[in-house]
Amino acid sequence: SSDALQAAHGELLPASWKRRDFDIVSNKYNVDHATKTRRDRTTAKHAAQKRFWETRDFDPLLGRYYDAGKEADYGEQRDALSTMAGRGKTAALPPAVQYCEGA
């Protein structure tokens, strides 16, 4: 058997005798393929979800933040900005219009 040969020869066996866990020719695991494939897919899914939530915090379809606290902060900022909207408009006008009686 290969175990007996490896015990007798140690590291002197050719590379073709050393079996890996995954066979790239058949694209399958040598032992317990279904369980290991399910584990790999689950791991990949969790990693993708983690990367997604690290970089995205706004839902473009609904037009709001996923986090309720962030959405509340945004609403407060918009309310504060709406009270100041249009105040600098007269500064862009020429002086004759800025200081006329109707202004």
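Residues numbered from 1 in each chain as written. Predicted model: local features only at pLDDT ≥ 70, side-chain atom pairs only at ≥ 80, totals over all residues. Heavy atoms only, no water.

Structurally, Asp59 is set in strand 3 (residues 58–59). Here Asp59 occupies a buried position and makes no salt bridge, while the nearest side chain of opposite charge, Arg64, is found at 5.6 Å. (Helix = DSSP H or I, 4+ residues; strand = E, 2+ residues; numbered from the N terminus. Buried < 20%, exposed > 50% of the residue type's maximum accessible area, 1.4 Å probe, protein only. Lys, Arg positive; Asp, Glu negative; His and termini not counted. Salt bridge = Lys/Arg side-chain N within 4 Å of Asp/Glu carboxyl O.)

Following the criterion strictly, the structure yields three salt bridges and no others. One salt bridge connects Asp40 with Arg39, and the closest N-O pair in it is separated by 3.3 Å. Asp57 is the salt-bridge partner of Lys70, the closest N and O atoms lying 2.3 Å from each other. Residue Lys70 is located in helix 3 (residues 68–84), and its partner Asp57 is located in the loop between helix 2 (33–55) and strand 3; the two are separated by 13 residues in the primary sequence. Given the relative accessible area of 33%, Asp57 is considered partly exposed.

Here we come to the packing of aromatic side chains. Aromatic rings considered in pairs are described by the distance between their centres and by the relative angle of their planes. One pass over the structure, following the stated rule, counts five aromatic pairs. Centroid distance Phe52 to Trp53: 5.0 Å. Interplanar angle 90°. Geometry classified as edge-to-face. For the ring pair Trp53 and Tyr66, a centre distance of 4.9 Å and an interplane angle of 80° mean the geometry is edge-to-face. Of the two residues, Trp53 sits in helix 2 while Tyr66 sits in the loop between strand 4 (64–65) and helix 3, which places them 13 residues apart along the sequence. Chaining the aromatic ring pairs together yields one cluster made of Phe52, Trp53 and Tyr66. (Phe/Tyr/Trp six-rings, centres within 6.5 Å; stacked < 30°, edge-to-face > 60°.)

This next bit is on helix 3. Compared with the 24 Å implied by 1.5 Å per residue over 17 residues, the 25 Å span of helix 3 between its first and last C-alpha is a close match. Just beyond helix 3, the residue with positive phi is Gly86, at close to 85°. (Expected span 1.5 Å × (residues − 1).)

Let's shift gears to unusual backbone geometry. Phi angles above zero are rare outside glycine, and Asn27 is one such case at about 60°. Tracing the backbone through its elements, the reader meets Asn27 in the loop between strand 1 (22–23) and strand 2 (28–29). Accessibility expressed as a relative area gives 54% for Asn27, which makes it exposed. Look at Asp32: it is not a glycine, yet its phi comes out positive at around 60°. Mapped onto the fold, Asp32 is located in the loop between strand 2 and helix 2. Residue classification places Asp32 among the partly exposed residues on the basis of a relative accessible area of 43%.

Note that all results are geometric; they support no functional claim without further evidence.
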